[in-house]
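Survey of secondary and tertiary structure
Spelled out from the first residue to the last, the chains are:
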Amino acid sequence: PQSAAEANRDLGLLHKEQSKVEVDEARKAYFRKQAEAFFSIALSLNSSEAGSLFTLAWLQKRENRLPDAVANLTKLIAKDWKEPEREVYLADAYFNRACYRVLHASSQSEGEQKITLTTAINDLKKAKEIDAEYGRVAAWLNGVKTDKDLAFLWDRCSTDITQITDSPPTTHSSSPQPPGK
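Computed from a predicted structure; not experimentally measured.

With that settled, the discussion passes to the overall build of the chain. Of the regular secondary structure elements, the chain holds 8 helices and 0 strands. Each helix and strand of the chain, placed in order from N terminus to C terminus, yields the pattern α-α-α-α-α-α-α-α. Against the globule reference of 16 Å for 181 residues, the chain gives a C-alpha radius of gyration of 17 Å, in line with a compact fold. Principal-axis analysis of the C-alpha atoms gives the chain an extent of 50 × 40 × 30 Å. When the 181 residues of the chain are sorted by exposure, 46% land in the buried category. Excluding contacts between residues fewer than 6 apart, the proportion of contacts in the chain whose partners are at least 24 apart in sequence is 58%. Taken as a whole, the chain presents about 9100 Å² of accessible surface, with 52% of it coming from carbon and sulfur.

Take a look at the structure:
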């Protein structure tokens, strides 16, 4: 039987998906708020429920609440991992945290940016290590080279990121994309 935390997570996922198909911005916002409420309930019942932490961070990114999104992914990364959850979430949690940090860095001072972008690169390295364990380095590489959330990182740290990918990006714009890709 499904736990109450899992049931609320699933209701949150349902509302999140509905927010993605709505055309009206007010309805999108309504479904995102409902999803966040269900994830909050799930997390009050099980504070380390991986799907809730992961998707809540995604919703917070969509709302441009990047520090909150990073904090939830940090909680997720710190949990005591067991398979198959580890395979499903951990590398993506590091990857997404890197993306959210990069988006946040674009609004920081130059000194803060350097620290944040270095930390984002370290997250990408960790995601690559974990993806390598599961034979997914090609997917990781494609993500690093094409994810628009990483454009600011490529612009500011192309030498550093090229070292971990061994090649330049295939596409990116010269300015960070707004949350909600």
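Further notes follow.
Judged by nonpolar contacts, the single largest core of 44 residues is most densely connected at L76, F95, Y100, L124, V144, L150 and L153. Elements with a contribution of two residues or more to this core: α2 (25-45), α3 (50-62), α4 (66-78), α5 (85-105), α6 (110-133), α7 (137-146) and α8 (151-165). Looking at this core, the element that brings in the most residues is α5, giving 12 residues. Residue contacts for L150: discarding those within four places in its chain leaves F95, A98, C99, V102, L124, G143 and V144.

The topology assignment puts T116 in helix α6. Within the structure, T116 has its side chain in polar contact with the side chain of Q108 (distance 2.8 Å). Residue contacts for T116: discarding those within four places in its chain leaves R101, A105 and Q108.

Rules of the game
Residues numbered from 1 in each chain as written. Predicted model: local features only at pLDDT ≥ 70, side-chain atom pairs only at ≥ 80, totals over all residues. Heavy atoms only, no water. Helix = DSSP H or I, 4+ residues; strand = E, 2+ residues; numbered from the N terminus. Rg over C-alpha atoms; globule rule 2.2 N^0.38 Å. Buried < 20%, exposed > 50% of the residue type's maximum accessible area, 1.4 Å probe, protein only. Contact = heavy atoms within 4.5 Å. Areas by Shrake-Rupley, 256 points an atom, 1.4 Å probe, with all protein chains shown as cover. Core = buried A, V, L, I, M, F, W, Y, C linked by side-chain atoms within 4.5 Å. Polar contact = N/O pair within 3.5 Å; in protein donor to acceptor, adjacent residues only side chain to side chain.

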